[in-house]
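Listed below are the residues making up each chain.
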Amino acid sequence: MHPLRVRWSEVDPQAVVFNPNYLVYADITLGEYLRAIGHAPSIEQIAQIGADIFAVHAELSFYESAKYDDELAIGARCSYVGRTSFRMLFAIFRGSELLTEVRTAYCYASLRERKPLPLREELIASVVAHERIPPQRKT
């Protein structure tokens with residue numbers, strides 16, 4: 001679970017978190033997930049490798065609204081690992097109350113041509129070792 005406090009700049013005139021910010025919260029949590037499994041490359045490493053992950057799909061389900069100064073906890077889980085892509089599930093909570101679910105898909109691709117590349121085996125092994133429920137796999 002990644003903790004996050006709602007900042008003033010993230011709320012809209014209705015005094016709730018503006019919808020696109022939930023994608024920002026998921027993106028922040030993805031970075032923390034990758035860091036936790038030892039695969040958060042620096043900008044220099046990404047340039048050297050010549051490849052990175054690109055978001056290709058996102059879906060959100062809203063149940064309740066987060067408000068200014070709420071303390072949130074965001075859970076992340078990898079649900080699927082394919083040959084060139086993976087999917088993540090994020091659950092955003094205020095205490096025990098589920099506020100939002102975010103489902104995203106990412107493709108690993110070359111920086112220059114944006115052509116899909118096989119996921120690095122070390123990343124796949126780290127994800128599988130990290131998850132309590134193994135992600136679905138496509139080989």
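Located above this text is the structure these notes cover.
Read on for an overview of the structure.

Calculation criteria
Residues numbered from 1 in each chain as written. Predicted model: local features only at pLDDT ≥ 70, side-chain atom pairs only at ≥ 80, totals over all residues. Heavy atoms only, no water. Buried < 20%, exposed > 50% of the residue type's maximum accessible area, 1.4 Å probe, protein only. Helix = DSSP H or I, 4+ residues; strand = E, 2+ residues; numbered from the N terminus. Arc of directions from axis to C-beta. Contact = heavy atoms within 4.5 Å. 1 Å grid on protein atoms, 1.4 Å probe; cavity = no way out; pocket = protein on both sides within 12 Å on 5 of 7 lines; lining within 4 Å. Points joined across faces, edges and corners; volume = space filled by probe spheres on them. Pairing = 2+ DSSP bridges. Salt bridge = Lys/Arg side-chain N within 4 Å of Asp/Glu carboxyl O. Phe/Tyr/Trp six-rings, centres within 6.5 Å; stacked < 30°, edge-to-face > 60°.

### Some remarks on helix H3 (residues 121–130)
No. 1: Taken residue by residue, H3 has Leu123, Ile124, Ser126 and Val127 as its buried positions. Taken around the axis of H3, the buried residues stretch over an arc of 165°, which confines them to a single face. Exposed side of H3, more than 90 degrees from the buried face: Glu121 and Ala129 are the residues found there.
No. 2: Among the structural elements, helix H1 (21–36), strand E3 (71–81) and strand E6 (136–137) are those in contact with the buried residues of H3.

### A short note on the layout of surface pockets
No. 1: In this structure, the largest pocket spans a volume of roughly 460 Å³.
No. 2: Along the walls of the largest pocket sit 23 residues, with Leu34, His39, Ala40, Pro41 and Asp52 positioned nearest its centre.
No. 3: Sorting the residues of the lining of the largest pocket by element identifies H1, helix H2 (43–49), strand E2 (51–62), strand E5 (97–110) and H3 as the ones contributing at least two each.

### Quick notes on the environment of Leu30
No. 1: Checked against the element boundaries, Leu30 lands in helix H1.
No. 2: Taking the C-alpha atoms as reference, Leu30 lies 19 Å from Glu44; in sequence the two are 14 residues apart.
No. 3: If we skip the residues at most four places from it in the chain, Leu30 touches Ile53, Phe86, Met88, Phe90 and Tyr106.

### So, empty space enclosed by the protein
It is a probe the size of a water molecule, rolled over the atoms, that shows where empty space is left.
No. 1: Counted by the stated rule, this structure contains 1 cavity of 30 Å³ or more.
No. 2: Approximately 60 Å³ is the volume found for the largest cavity.
No. 3: What lines the largest cavity is simply Tyr33, Leu34, Cys78, Val81, Phe86, Met88, Leu119, Leu123 and Val127.

### Topic: the pairing of E3
The side chains of a regular strand alternate, first on one face of the sheet and then on the other.
No. 1: Both strand E1 (residues 2–5) and E3 contribute to a ladder of 4 bridges, which runs antiparallel. Counted as the bridge partner of Leu4 is Leu72 from E3.
No. 2: For E3 and strand E4 (residues 85–94), the ladder comprises 8 bridges, and the chain directions are antiparallel. Within E4, the residue paired with Val81 across the bridge is Phe86.
No. 3: Linking E3 to E4, which pair antiparallel, is a turn of 3 residues.

### Some remarks on the pattern of salt bridges
No. 1: Tallying each qualifying case throughout the model produces 8 salt bridges.
No. 2: A salt bridge links Glu71 to Arg5; its shortest N-O distance comes to 2.7 Å. Remark: Arg5 occurs in strand E1 and Glu71 occurs in strand E3; sequence separation between them is 66 residues.
No. 3: Here Glu71 falls in the exposed class, since its relative accessible area comes to 53%.
No. 4: Note that Arg35 is salt-bridged to Glu32, the shortest N-O span being 2.8 Å. Here Glu32 and Arg35 lie together in helix H1, a separation of 3 residues that amounts to about one turn.

### Some thoughts on the packing of aromatic side chains
No. 1: Counted under the stated rule, the structure contains 4 aromatic pairs.
No. 2: Centroid distance Tyr22 to Tyr25: 5.9 Å. Interplanar angle 75°. Geometry classified as edge-to-face. Remark: Tyr25 and Tyr22 occur in helix H1; sequence separation between them is 3 residues, near one turn of the helix.
No. 3: Residue Tyr22 is classed as buried on the basis of its relative accessible area, which comes to 1%.
No. 4: Overall, Tyr25 belongs to the buried group, its relative accessible area being 1%.

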